[in-house]
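Each chain is listed here by its residues.
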Amino acid sequence: MSLEPMPVPRDIPLPLPANPHWLEFLLVVAFVAHILFVNLMVGGSILVLAFEIRGLREPDYDRLARALASTITVNKSLAVVMGVAPLLLINLLYTIHFYTANALTGMAWILLVPTIAVTFLLLYLHQYTWDRFRNLKWAHISILGLAVALFLVIPLVFLANVNLMMFPERWTSVHGFLSALALPNVLPRYLHFLCASLILTSLFGVGYFWRARFPVEQMFHSLTRPRLRRTFYAIAFVVSLAQFIAGPLVLVTIPSKGLAAPVLTAIFTGVFLAIPAVWMIWKELSMEEPDGKRLPMIAGLLALTVLCMASGRHMYRGVALAEHKREMRMATERWAEDSAQAAYEKTLGQERAAHGIGEGQALFQSTCSACHGVDRRIVGPPLTEIARIYAGNPDGIVTWARAPGKKRPDTPQMPAFASLGDPKLRKIADYMLETGAIRQ
């Protein structure tokens, strides 16, 4: 861990447009809706690639890949549309933290937009050249392979950013995207995300090809509805077992500063909901011909699991950033007070100038005139005497005013005025010398 001090930037002093708890609720719901279609998009691309490669030997899998590929561009569009709300909400609730993470990952974050555009174009190219590239199958597979490779990079950049924003104490030690990848928890979360994408897409495949109106019998020669269900259930089951390894890995690698009791409660509730879902997948696979009747219950349990995990992650972020947000709020209040004082002094200076009163004179009158007269002694020496003692040496007055001693036994010791600061003390000193010299 970096030993450098944690940066505490000031926040933007603007009110939120709604109750923060309501915005946090919307953020969790909007994020779940968005990540659902992101999972289907990424998981679907990976499965289509695998099926198309297998289709080189078994033509039915090429047809299966084509049927599944037709859903990816739809899911892609929904993922983009659904991504607007959580992006705006996280900008509202975590403005400084989110933008700081974006800036620290720099070029990788900026390149997301063209990378996403290129990936989507490759998906369309792959989808609409299936017949044209019939005799150039590896070229067709390579197009999707490149899109999948880019798809695997894009969520990694997002994960690195949302992970980095939660740890301000690491900001000074991060120098770019690759550096952010080295932070704890990024790669385990990425593995967890990929597993979730494959599980969700596999269960989507069970439902998609289970529909009575899908022409399985006309489209495939050897693949039947039960066999398709078994194929997708088998993928979901194996990857779910892997998820039971990835999940604990995420938990043990995440910094403990945000692991409060409500966070752990949400996470373990999600785990306990996922266990019966996986058990039901196994029961489907145990049947000679899986009928898919357990799919709604499996989908419901896993939807609750995702909701629990998303809530737990949001609560973790809130706990992890609570202290830093408090320090930022204090820094912002100090900045606002300093700004108000500067504005007041600027206005006051303009009024003084309009009445022919310099800042040095105004400071003298408010700070020194109770003890120092111009040409008569009140408590301390008059300005005429001070002008003789410090003639041509205003810095001497500044030094004395910062830490005065006791020179005269018949007068009390002058208090220190270091809190005024040297620039103001210098203006007072200039006024004293100028006024005292004139009246001599």
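Within every chain, residues take consecutive numbers counted from 1 along the sequence as written. With pLDDT at 70 or above as the cut-off, local features in this predicted model cover only qualifying residues; side-chain atom pairs require 80 or more to be listed or tallied, and sums for whole chains, interfaces and linings still use all residues. Excluding hydrogens and water, the side-chain figures rest on all heavy atoms present in the structure.

Taking an unreviewed UniProt entry as the reference, the protein chain is identified by name as Cytochrome c belonging to Pendulispora brunnea.

A. Molecular detail of the pattern of salt bridges. The salt bridge definition used is simple: a Lys or Arg side-chain nitrogen within 4 Å of an Asp or Glu carboxyl oxygen. Taken as a whole and judged by the stated rule, the model has 14 salt bridges. For K137, the salt bridge is made with D62, and the minimal N-O distance between the two is 2.8 Å. Here K137, found in helix α5 (residues 137-164), pairs with D62, found in helix α2 (residues 59-93); they are 75 residues apart in sequence, far enough to count as distant. The two residues K137 and D62 agree in class, both being buried. Taking the shortest distance from any N to any O, the salt bridge between R426 and D430 comes out at 3.1 Å. In this pair, R426 and D430 are both assigned in helix α15 (residues 422-438), four residues apart and thus about one turn of the helix distant. You can call R426 partly exposed: its relative accessible area is 33%. Put simply, E52, D62 and K137 are held in one network by salt bridges that share partners. Only DSSP runs of H or I with at least four residues qualify as helices, and only runs of E with at least two residues qualify as strands; both kinds are numbered from the N terminus onward. Relative accessible area decides the class of each residue, using a 1.4 Å probe on protein chains only: under 20% of the type maximum gives buried, over 50% gives exposed, and in between gives partly exposed.

B. The arrangement of the UniProt feature "domain: Cytochrome c" (unreviewed entry) in the protein chain in detail. UniProt positions are given in the numbering used here, feature names are shortened, and annotations may be inferred rather than shown by experiment. As recorded in UniProt, the sites labelled "domain: Cytochrome c" (unreviewed entry) are residues 355-436. For residues 355-436, the end-to-end C-alpha separation is 21 Å, with 49% helix and 0% strand making up the annotated structure.

C. Geometry of the environment of P382. Along the chain, the position of P382 falls in the loop between α12 (359-367) and α13 (383-389). Once the C-alpha coordinates of P382 and L36 are considered, the two residues, 346 residues apart in sequence, prove to be 80 Å apart. By definition in these notes, contact holds between two residues if any of their heavy atoms fall within 4.5 Å. Residues within four places of P382 in sequence aside, it is in contact with G373, V374, D375, R376 and R377.

D. How the structure looks around the confidence of the model for the protein chain. Think of pLDDT as the predictor's per-residue confidence, scored from 0 to 100. Taken as a whole, the protein chain shows an average pLDDT of 91; of its residues, 99% reach a score of 70 or greater. Of all secondary-structure elements in the protein chain, the lowest mean pLDDT belongs to α12, at 86, while helix α1 (residues 20-54) reaches the highest, 95.

E. Representation of the packing of α2 against helix α3 (residues 95-110) within the structure. Following both chains from N to C, one finds α2 and α3 inclined at 110°, their axes separated by 5 Å at the closest point. When the axes of α2 and α3 are compared, the pair comes out roughly perpendicular. Within the contact between the two elements, α2 uses L87, I90, N91, L92 and L93 and α3 uses T95, F98 and Y99. Amino acid classes used here: Ala, Val, Leu, Ile, Met, Phe, Trp, Tyr, Cys and Pro are nonpolar; Asp, Glu, Lys and Arg are charged; the rest, including Gly, are polar. Its residues assigned to classes, the contact of α2 with α3 shows six nonpolar, two polar and no charged. In this analysis, axes come from line fits to C-alpha atoms, helices being fitted only over the stretch in contact, and the angle between any two N-to-C directions falls in the range 0 to 180 degrees. Orientation categories follow fixed angle ranges, with anything under 35 degrees roughly parallel, anything over 145 roughly antiparallel, 65 to 115 roughly perpendicular, and all other angles oblique.

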